[in-house]
Amino acid sequence: MNTSDFDIPNPLGIHALVWIGDTSAASVETAITQTAAAGYDILEFSLHDSVNLDIAGTKALLREHGLATACSRGLARDADVSSEDPAVVARGQQLLQESLRVTAGIGGTVLTGALYSAFGKAPGPLTKTGRDNVIGVLRELATEAHPLGVTLGLEVCNRYETNVVNTARDALALADDIGADNVMIHVDTYHMNIEEADLVSPVLELGDRLGYVHIGENHRGYLGSGHLDFPAFFDALARIDYRGPVTFESFSSAVLAPGLSNDLAIWRNLWSDGSDLATKAHQFIAQGLTAARQP
Ligand code: MN
């Protein structure tokens, strides 16, 4: 079933890592056709490995299959805008500018993720200088993104992946300090499970500043096979009348991306059939959002 068969206001997305681990033309075609076949509206690409991405061809194929797109990424230790080292910050800014170019090039209107730091366990807490660097770079990036029609997301990630933004409240404070209209907050139930008191209060606190959602189980496998309270989360989204994208994110050692899979500690095989996983996730999310909208 397609999302339009359900009475919900949200476009539903899926992360490309359910299908493919690289961005060759053949892989991109697989991801696009499978995403459309599984009933989704949005295909999210990670830009960790986008050097091979055919920008014009990808944009055309997305359009042909009626799909929207979003892009996400984290930075790297030697290219990290939360560093105190100006050369490392500058390389991080270059990566972000290149990612913005790719996002707009394939027709995306959202660039999100850990745009503010490297992925991976930080060696120590965020410093004042590091945070100021994040603010300066993301403020400039937001200015560059505005004429391209791109909104930047601050994905709230757990402590083992970043030291910049671990809770929705951290992200709100950072967004306030960046001070740009096209910067929104992105929550992910996988990370919320580690860092937040529950899956509800952060959503209510974010309200209309929530702009993107990742749905992942506590182990990042099949939805419903873990312990997350998705009915409560979907109910919170309905209570704030959230109408933005809701994107399924799942990883398994069955599909590995050079770099990203190691950054995210994907060591286990939680599923092997991406198509079965994706179809069931679409149904799970659409039914959950529908139930939450019932009076
Ligand atoms: Mn995520």
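Note: the structure precedes this text.
Residues numbered from 1 in each chain as written. Predicted model: local features only at pLDDT ≥ 70, side-chain atom pairs only at ≥ 80, totals over all residues. Heavy atoms only, no water.

Brief notes about the sheet that holds strand β7 (residues 210–215)
Point 1. Read around the closed barrel, the 8 strands follow the order β1-β2-β3-β4-β5-β6-β7-β8; overall the barrel is parallel. For this sheet the average axis-to-axis angle between neighbouring strands, irrespective of direction, equals 30 degrees.
Point 2. Alignment of strand β1 (residues 12–15) against strand β8 (residues 246–248), held across 3 bridges, turns out to be parallel. Across the sheet, the residue bridging to Ile 14 is Phe 248, located in β8.
Point 3. Against the sheet, helix α3 (residues 86–105) engages β3 (68–75) and β4 (110–118), with an angle of about 170 degrees to β3.
Point 4. Of the strands in this sheet, β4, β5 (151–155) and β6 (183–188) are in contact with helix α4 (residues 128–145), which crosses β5 at around 150 degrees. (Pairing = 2+ DSSP bridges. Helix = DSSP H or I, 4+ residues; strand = E, 2+ residues; numbered from the N terminus. Axes fitted to C-alpha atoms, helices over the stretch in contact; angles between N-to-C directions. Contact = heavy atoms within 4.5 Å.)

Quick look at the coordination of the manganese ion
Point 1. For the manganese ion, the full set of protein donor atoms is Glu 155 (OE), Asp 188 (OD), His 214 (ND1) and Glu 249 (OE), and the range of their distances to it is 2.1 to 2.2 Å.
Point 2. Sequence spacing of the donor residues for the manganese ion, all on one chain, is E-x32-D-x25-H-x34-E. Linking Asp 188 in strand β6 with His 214 in strand β7, this pair joins segments that are 26 residues apart in sequence.
Point 3. A residue is classified by how much of its surface remains accessible, and Asp 188, at 1% relative accessible area, is buried.
Point 4. Owing to a relative accessible area of 0%, His 214 belongs among the buried residues under this scheme. (Donors = N, O, S within 2.8 Å, 3.2 Å for Na, K, Ca; no water. Buried < 20%, exposed > 50% of the residue type's maximum accessible area, 1.4 Å probe, protein only.)

Side note on unusual backbone geometry
Point 1. Positive phi is not limited to glycine here, since Arg 220 has a value of about 70 degrees.
Point 2. The topology assignment puts Arg 220 in the loop between β7 and α8 (230–239).
Point 3. Positive phi values are uncommon outside glycine, yet Asp 241 reaches one of about 55 degrees.
Point 4. Within the secondary structure, Asp 241 sits in the loop between α8 and β8.

Focus on the pattern of salt bridges
Point 1. Counted by the stated rule, this structure contains 13 salt bridges.
Point 2. One salt bridge connects Arg 169 with Glu 205, and the closest N-O pair in it is separated by 2.8 Å. In this pair, Arg 169 sits in helix α5 (residues 168–178) while Glu 205 sits in helix α7 (residues 201–206), placing the two residues 36 residues apart along the sequence.
Point 3. Taking relative accessible area as the criterion, Arg 169 reaches 57% and is therefore assigned exposed.
Point 4. Linked through salt bridges whose partners overlap, the residues forming this network are Glu 161, Asp 188, Arg 220 and Glu 249. (Salt bridge = Lys/Arg side-chain N within 4 Å of Asp/Glu carboxyl O.)

Quick look at the nonpolar core
Point 1. Tyr 116, Phe 233 and Leu 237 are the most contacted members of the largest nonpolar core, which has 90 residues in total.
Point 2. Setting aside residues no more than four positions away along its own chain, Leu 237 makes contact with Val 203, Leu 210, Val 213, Tyr 242, Val 246, Leu 289 and Arg 293.
Point 3. Among the nonpolar cores identified, the runner-up in size contains 5 residues, and Ile 42, Ala 70, Met 184 and Tyr 212 belong to it. (Core = buried A, V, L, I, M, F, W, Y, C linked by side-chain atoms within 4.5 Å.)

Section: helix α2 (residues 55–64)
Point 1. Those residues of α2 that sit buried are Thr 58, Leu 61 and Leu 62. Summarising the axial view, the buried residues of α2 lie within an arc of 105 degrees, below the 170-degree limit, and thus occupy one face. Across from the buried face of α2, at angles greater than 90 degrees, the exposed residues are Ala 56, Arg 63 and Glu 64.
Point 2. Buried residues along α2 sit against α1 (25–37), β2 (42–46) and β3.
Point 3. N-cap assignment for α2: the residue whose side-chain oxygen lies 3.4 Å from the backbone N of Ala 56 is Asp 54. (Arc of directions from axis to C-beta. Polar contact = N/O pair within 3.5 Å; in protein donor to acceptor, adjacent residues only side chain to side chain.)

Focus on the packing of α4 against α5
Point 1. Across the interface, α4 lies against α5 with an axial gap of 9 Å and an inter-helix angle of 60 degrees. The orientation of α4 relative to α5 falls into the category oblique. Relative to α5, the crossing made by α4 is right-handed. On α5, the residues touching Arg 131, Val 134, Ile 135, Leu 138 and Arg 139 of α4 are Ala 173, Leu 174, Asp 177 and Ile 178.
Point 2. For the contact of α4 with α5, a count of residues per class yields 6 nonpolar, no polar and 3 charged. (Parallel < 35°, antiparallel > 145°, perpendicular 65-115°, else oblique. Left-handed = near helix turned anticlockwise from the far one by under 90°. Nonpolar A, V, L, I, M, F, W, Y, C, P; charged D, E, K, R; others polar.)

A word on the environment of Val 110
Point 1. Position of Val 110 among the secondary structure elements: in strand β4.
Point 2. Separated by 83 residues in the primary sequence, Val 110 and Ser 27 place their C-alpha atoms 21 Å from one another.
Point 3. Those residues in contact with Val 110 that lie beyond four places of it in its chain are Ala 70, Cys 71, Thr 103, Val 150, Thr 151, Met 184 and Tyr 212.

Everything listed here is a matter of geometry and, on its own, says nothing about what the molecule does.
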